[in-house]
Amino acid sequence: MSVVAAIRPDEWNLPLFVHVFGAIVLVGGVLTAAGALGYARGNTALIRAGYFSLLAVALPGWIVMRAGAQWIYDEEGFEGGEEPTWMAIGWAAADPGGALLLAGLIAGGIGVRRLGSGRGAGLLKGTLVISLILLAAYIVSIWAMSAKPG
Amino acid sequence: MGLDDWILALHVLSGFAMASTLVMYWVLIVAMRDIDSASDTLLYGRLATMGNRVVIAGSVGTLLFGLWLAISKPEYQPWDGWVIAALVLWGASGFTGSRAGTEYTKPFNRAQELVEAGREGAPGELRALNRSSAGLVMHTLSSVLILLLLAVMIWKPGA
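It should be emphasised that the depicted structure is a prediction, and the values quoted were computed from it without experimental measurement. (Residues numbered from 1 in each chain as written. Chains lettered and ligands numbered in written order. Predicted model: local features only at pLDDT ≥ 70, side-chain atom pairs only at ≥ 80, totals over all residues. Heavy atoms only, no water.)

Novice: How do you make sense of the overall build of chain B when you look at a structure like this?
Specialist: The helix and strand tally for chain B stands at five helices and zero strands. Taken along the three principal axes of its C-alpha coordinates, chain B extends 60 × 30 × 20 Å. Expressed as a percentage of its 159 residues, the buried residues of chain B come to 44%. Considering only contacts within chain B whose residues lie at least 6 apart along the sequence, 79% involve residues at least 24 apart. Per element, the accessible surface of chain B, about 7,700 Å² overall, is 69% carbon and sulfur. Within chain B, the 12 negative side-chain charges are centred at a point lying 5 Å from the centre of the 11 positive side-chain charges. (Helix = DSSP H or I, 4+ residues; strand = E, 2+ residues; numbered from the N terminus. Buried < 20%, exposed > 50% of the residue type's maximum accessible area, 1.4 Å probe, protein only. Contact = heavy atoms within 4.5 Å. Areas by Shrake-Rupley, 256 points an atom, 1.4 Å probe, with all protein chains shown as cover. Lys, Arg positive; Asp, Glu negative; His and termini not counted. Charge placed at Lys NZ, Arg CZ, Asp CG, Glu CD.)

Novice: For this particular structure, what's the right way to read the nonpolar core?
Specialist: Across soluble globular proteins, you tend to see nonpolar side chains buried next to one another. In this structure, Leu 26, Val 30 and Leu 101 of chain A are the most contacted members of the largest nonpolar core, which totals 69 residues. For this core, the elements supplying multiple residues, two or more each, are helix H2 (13-40), helix H3 (44-76), helix H4 (85-113) and helix H5 (121-147) of chain A together with helix H1 (3-31), helix H2 (38-72), helix H3 (81-117) and helix H5 (133-155) of chain B. With 15 residues, the single largest contributor to this core is H2 of chain A. Leave out the neighbours within four places in its chain, and Leu 26 of chain A touches Ala 58, Gly 61, Trp 62, Met 65, Leu 101 and Tyr 138 of chain A. Judged by nonpolar contacts, the second largest core, of six residues, contains Ala 69, Trp 86, Met 87 and Trp 91 of chain A. (Core = buried A, V, L, I, M, F, W, Y, C linked by side-chain atoms within 4.5 Å.)

Novice: Would you explain the environment of Leu 102 of chain A in this entry?
Specialist: Along the polypeptide, Leu 102 of chain A turns up in helix H4. Among the residues examined, Leu 102 of chain A registers a relative accessible area of 45% and is labelled partly exposed.

Novice: What am I meant to see in the pattern of salt bridges here?
Specialist: Residue and element names in this part refer to chain B. If you walk through the whole model with that rule in mind, you get six salt bridges over all chains. Arg 110 is paired through a salt bridge with Glu 113; the nearest N and O atoms lie 2.9 Å apart. Pair noted here: Arg 110 and Glu 113 are both in helix H3, with a separation of three residues, about one helical turn. Judged by relative accessible area, Glu 113 falls into the partly exposed class, the value being 46%. Residue Arg 110 pairs with Glu 125 through a salt bridge whose shortest N-O separation is 2.5 Å. (Salt bridge = Lys/Arg side-chain N within 4 Å of Asp/Glu carboxyl O.)

Novice: Looking at this structure, how should I read the interface of chain B and chain A?
Specialist: Interface extent is often summarised as the accessible area lost during association of the parts. Each partner contributes to the interface: chain B provides 31 residues, whereas chain A provides 36 residues. Among the residues of chain B in contact with chain A, Phe 16, Ile 154 and Trp 155 of chain B are the three that bury the most area, contributing 19% of the side total. In this structure, the connection of chain B to chain A is made through zero salt bridges. For the side of chain B that touches chain A, the elements supplying multiple residues, two or more each, are H1, H2 and H5 of chain B. The element contributing the most residues to the side of chain B that touches chain A is H1 of chain B, with 14 residues. Taken together, the residues of the side of chain B that touches chain A break down into 23 nonpolar, two polar and six charged. (Buried area = accessible area lost by both parts, 1.4 Å probe. Nonpolar A, V, L, I, M, F, W, Y, C, P; charged D, E, K, R; others polar.)

Novice: How should the layout of surface pockets be read in this particular structure?
Specialist: Residue and element names in this part refer to chain B. One number sums up the size of the second largest pocket: a volume of about 680 Å³. Along the wall of the second largest pocket there are 31 residues; nearest its centre are Tyr 25, Asn 52, Val 55, Gly 97 and Gly 101. For the lining of the second largest pocket, the elements supplying multiple residues, two or more each, are H1, H2, H3 and H5. Per-element accounting of the lining of the second largest pocket gives the leading share, 11 residues, to H3. Taken together, the residues of the lining of the second largest pocket break down into 17 nonpolar, 13 polar and one charged. (1 Å grid on protein atoms, 1.4 Å probe; cavity = no way out; pocket = protein on both sides within 12 Å on 5 of 7 lines; lining within 4 Å. Points joined across faces, edges and corners; volume = space filled by probe spheres on them.)

Novice: Just checking my understanding: could you explain H5 of chain B for this structure?
Specialist: Along an α-helix, a turn takes 3.6 residues, which lines up residues three or four apart on a common side. Residues and elements named next belong to chain B. Between its first and last C-alpha atoms H5 spans 33 Å; for 23 residues at 1.5 Å apiece the expected length is 33 Å, and the two agree. Every buried residue of H5 is listed here: Gly 135, His 139, Ser 142, Ser 143, Leu 145, Ile 146, Leu 149, Leu 150, Ala 151, Val 152 and Ile 154. Capping of H5 at its N-terminal end is provided by Ser 132; its side-chain oxygen lies 2.9 Å from the backbone amide nitrogen of Gly 135. A positive backbone phi angle near 45 degrees is found at Lys 156, which sits one or two residues after H5. (Expected span 1.5 Å × (residues − 1). Polar contact = N/O pair within 3.5 Å; in protein donor to acceptor, adjacent residues only side chain to side chain.)

Here is the structure:
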């Protein structure tokens with residue numbers, strides 16, 4: 001399967017580049033958010049940097065990754081129900097993962113707004129946990145998309 | 001799944017570790033532009049240290065697993081033009097990345113000195129170090145080289 005992927009048609013390369021570039025930005029944004037929120041220990045500047053990373057880096061990265069995924073999916077001519085396992089794993093990380101990212105953004109946004117009044121720590125902890133779950137899901141999906149099991 | 005499939009997955013995961021950490025460094029560069037206190041600089045330094053470990057592991061993994069694949073897979077050879085181009089880009093991005101790292105380590109070292117001396121330093125001193133233009137140029141170059149490397153890995157020109 002990976003040999004087939006390695007000799008894919010040239011017209012798949014640009015959508016694949018867009019997809020992988022978006023995924024790199026997404027993973028980088030989530031990794032930074034998890035690291036910043038994990039190390040912050042109440043430091044407002046680092047908490048804001050972590051949230052900024054999720055909002056201004058990870059979210060645009062997710063949009064580019066998802067657009068690239070749809071583009072290459074259309075190029076490959078798959079139809080619903082016939083996707084291989086590795087693609088199903090990729091979708092599972094992309095779409096429910098996108099909803100989870102949105103939940104983390106909402107919780108973190110409220111948490112950051114409440115920082116001034118000394119509250120919001122619980123919500124920001126929730127955002128940290130979501131970031132760690134997303135990172136784990138992305139590692140599994142990167143493994144699946146490259147090793148292509150099934 | 002064969003051994004080569006696992007090696008390919010590890011190669012791609014290593015590449016993601018390397019490139020995603022460059023994204024982290026971009027966030028740190030932007031976030032630290034207005035940081036002027038030693039304690040805050042050191043706090044960001046802990047995140048940068050985590051990033052350094054990830055980027056080193058990713059760089060080494062990308063190279064070793066990539067070389068394995070170039071030798072093991074019958075459709076590739078280590079002397080293929082695109083493999084050599086990828087190796088050159090890997091080396092160049094590593095060089096510019098380490099130069100950027102040298103520049104951005106200066107504020108962390110200075111902040112450590114200040115904290116150990118129980119001082120905060122002259123106003124603007126750490127901010128100037130955190131805004132290193134040499135570091136910014138080197139990190140920009142490193143990021144462009146990694147994008148070119150990604151393009152070479154996908155298009156495999158000449159393969």
